[in-house]
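Summary of the model geometry
Each chain, written out:
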Amino acid sequence: MTMKKDYEDIPGTFVFDADRSREGYHLNQFCISLRQQANREAFNADEGAYLDRFPMTPEQRQAVLSRDWNGMLALGGNVYYTSKLAANDGINFQQLAGIMTGMGNEAYREMMVKGGRSIEGNRYKSEWGEE
Amino acid sequence: MARITAGVGCSHVPAIGVAMDTGITDQPYWQPVFKGFEKSRDWMKAAKPDVIFLVYNDHCTVFDASCIPTFALGCAAEFHPADEGWGPRPVPVVRNHQKLASHIAQSLILDEFDITIMNEMEVDHGLTVPLSVMYGEIDKDGEWPALVIPLCVNVVQYPAPTGNRCFNLGRAVRRAIESFDEELNVVIFGTGGMSHQLQYKRAGLINAEWDKRFMDMLVNDPVAASQIPHVEYLREAGSEGVEMVMWHVMRGALDEQVTEVHRHYHVPASNTAVGHVILENRG
Ligand SMILES: [Fe+2]
């Protein structure tokens, strides 16, 4: 029997549950490895060779190489992990959010200063015209 | 006897730590965030806890995906600030009350809370930012004014422990502390939140109305607050807002009736709503 997921109808959101954690395991382990300076140096010297150490799927590997931040999340990444890759690239949480939302840094920052994204119209996928 | 005299609820946004560490807390963006902690710092000086029992979460810093304990209790002698990818925070090493920590570990397990015991652990911003906002800047060669027992909760991989479980754990933590035979003034911190979402297209979500209702309920009707289901946090307070379950551990460790001595709420700090309360036991 499959557990019913009552959290799957939230728009613009990946809930990092056990299924996603399983799929994203090697991708996330790669990301967290960048917490160490020596690993950051090895990765930055030769991204491909460094990624060979982590048996992720070709799609995950490509998402890393092309810095497809939303793609990484869709393939089982979690933002606390992918933020380590972002930090390596000199991108902080707020700049990363600007990229993931497609708003860009300035517009995103301005939205936050004005009180953030409203909950109205953002509770259910149906409100976004999604499935 | 050791006693829990008060509880502190507090956000632990990493950017708040960065603002303190780089000395920009006076900037117009940050000033209103820190203004709300001025009273808290005076309160800490008066309350003078011997020990802080600090409930927080690790943000994929110290714990990688290979091992995900739901509740991990820090039993080491000390905890060094971790490098989260941009160097460790320049704050003092966190020192434990090791005897009390091992007493709590033993008591909790016999009370049927099967916690993980950490005899080596570094700590990330989730633990050090609440100490910084409550005590103010302390040089990294200095000392935190209190000993700290960390309780690290998994809120990153769904499901986090339920609010109900956290609340009952808080009660068990109180039983453990109050059966320890040393005169100690203990303050418990529940950290994390308020509403925020850091990921994907809905990033930036803030729900101030919900946050304020949550704080009201936590103070005045804590059992009802502990029954809020996960999906409500995720939907109403953002995917990362679910970390507010950690506040229930704090609330569960206090009396049913408490005195709210301070509250602060501000949007934004980076991507997040900042919330803070100080609650005192009346006994
Ligand atoms: Fe957190």
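Residues numbered from 1 in each chain as written. Chains lettered and ligands numbered in written order. Predicted model: local features only at pLDDT ≥ 70, side-chain atom pairs only at ≥ 80, totals over all residues. Heavy atoms only, no water.

1. Let's talk about the nonpolar core
Residue and element names in this part refer to chain B. Rules: Buried residues of nine kinds, namely Ala, Val, Leu, Ile, Met, Phe, Trp, Tyr and Cys, make up a nonpolar core once their side-chain atoms join them within 4.5 Å. Exposure is judged per residue with a 1.4 Å probe applied to protein chains only, and the accessible area is read against the type maximum: over 50% gives exposed, under 20% gives buried, and values in between give partly exposed. Secondary structure follows DSSP: runs of H or I at least 4 residues long count as helices, runs of E at least 2 residues long count as strands, and numbering of each begins at the N terminus. A contact between two residues is defined here by any heavy atoms of the two lying within 4.5 Å.
In terms of nonpolar packing, the biggest core is built from 65 residues, with F53, L73, I104, L151, V186, I188 and F214 touching the most fellow members. Sorting elements by how many residues they give to this core places helix α6 (residues 163-177) first, with six residues. Residues in contact with F53, not counting those within four places in the same chain, are L73, I104, I149, L151, V173, I177, V186, V187, I188 and F189. In terms of nonpolar packing, the next biggest core, distinct from the first, is built from 43 residues, V8, I16, M44 and V148 among them.

2. Side note on the sheet that holds strand β2 (residues 51-56) of chain B
Within a beta sheet, neighbouring strands are joined by backbone hydrogen bonds and run either parallel or antiparallel to one another. All names here are of chain B. Keep this limit in mind: Only when DSSP finds a minimum of two bridges between them are two strands counted as paired. Fitted lines through C-alpha atoms give the axes, limited to the stretch in contact for helices. The angle between two N-to-C directions lies from 0 to 180 degrees.
If you walk across this open sheet you meet the eight strands as β6-β3-β7-β2-β8-β1-β10-β9, and the pairing is mixed. Of all the strands in the sheet, the pair left with one neighbour each is β6 (116-118) and β9 (258-269). Put simply, the sheet's adjacent strands are angled 20° from each other on average, direction ignored.

3. Quick notes on the pattern of salt bridges
Here is the rule: Salt bridges are identified by distance alone: a Lys or Arg side-chain nitrogen within 4 Å of an Asp or Glu carboxyl oxygen.
Within this structure, the stated rule accounts for 21 salt bridges over all chains. Connected through salt bridges with shared partners, the residues K5(A), D17(A), D19(A) and R22(A) form a single ionic network.

4. Things to note about the packing of helix α8 (residues 93-100) of chain A against helix α9 (residues 105-113) of chain A
The relative placement of two packed helices comes down to the angle between their axes together with the axis-to-axis distance. Residue and element names in this part refer to chain A. Where we set the bar: Under this scheme an angle from 65 to 115 degrees is roughly perpendicular, one under 35 degrees roughly parallel, and one over 145 degrees roughly antiparallel; angles in between are oblique. By convention the crossing between two helices is left-handed if the near helix lies anticlockwise of the far one by an angle smaller than a right angle, and right-handed if it lies clockwise. Only Asp, Glu, Lys and Arg are considered charged, only Ala, Val, Leu, Ile, Met, Phe, Trp, Tyr, Cys and Pro nonpolar, and every remaining residue, Gly among them, polar.
One way to put it is that α8 packs onto α9 with a least axis distance of 8 Å and a crossing angle of 110°. Classified by the angle their axes make, α8 and α9 are roughly perpendicular. For α8 against α9, the interelement crossing comes out right-handed. Contacts between α8 and α9 involve Q94, Q95, A97 and G98 from the former and N105, Y108, R109 and M112 from the latter. When grouped by side-chain class, the residues that make up the contact of α8 with α9 number three nonpolar, four polar and one charged.

5. Some points on the interface of chain B and chain A
This is how the line gets drawn: In this description, buried area is defined as the sum, over both parts, of the accessible area (probe of 1.4 Å) that is lost when the two are combined. In the analysis that follows, any N or O atom pair within 3.5 Å is treated as a polar contact, provided that within protein one partner can donate a hydrogen and the other can accept it, and provided that, for residues neighboring in sequence, both atoms belong to side chains.
Taken together, the contacts link 41 residues of chain B with 45 residues of chain A. Taken over both partners, the interface formed by chain B and chain A buries close to 4000 Å², and the fraction arising from carbon and sulfur atoms is 57%. The tally of links between chain B and chain A comes to four salt bridges. Linking chain B to chain A there are 27 residue pairs in polar contact (both at pLDDT 80 or more). Only α9 (230-237) and β9 of chain B provide two or more residues apiece to the side of chain B that touches chain A. Among the elements that make up the side of chain B that touches chain A, the one with the highest residue count is α9(B) (four residues). Classifying every residue of the side of chain B that touches chain A gives 17 nonpolar, 14 polar and ten charged.

6. Digging into the coordination of the iron ion
Convention followed: Any N, O or S atom lying within 2.8 Å of the metal counts as a donor, with the limit raised to 3.2 Å for Na, K and Ca; because water is left out of the atom set, some sites can appear incomplete. The geometry test gives tetrahedral to four donors whose angles all lie between 85 and 135 degrees, gives square planar to four donors and octahedral to six donors whose opposite members are over 155 degrees apart with all other angles between 65 and 115, and gives irregular to the rest.
Those protein atoms acting as donors to the iron ion are H12(B) (NE2), H59(B) (NE2), E243(B) (OE) and E243(B) (OE), and they sit at 2.0 to 2.7 Å. In this structure, the iron ion is surrounded by four donor atoms whose angles at the metal cover 51 to 165°, and the resulting shape is irregular.

7. Here's the deal with the confidence of the model for chain B
Put simply, the test is: Each residue carries a pLDDT value, the predictor's own confidence for that position, ranging from 0 to 100.
Looking at chain B, pLDDT values average 97 and 100% of them are 70 or higher. Under the prediction, the complex receives an ipTM of 0.96, its pTM being 0.97.

8. Observations concerning the pairing of strand β10 (residues 272-281) of chain B
Residue and element names in this part refer to chain B. Of all ten residues that make up β10, nine are buried, and the element is covered over most of its length. Of the pairings in the sheet, the one linking strand β1 (residues 2-10) to β10 comprises five bridges and is antiparallel in character. Across the sheet, residue V8 finds its bridge partner in β10, namely I278. Note: β9 against β10, nine bridges, orientation antiparallel. Bridge pairing in β10 links A269 to T272. Between β9 and β10, which follow one another and run antiparallel, lie two residues, and S270 among them has a positive phi close to 60°.

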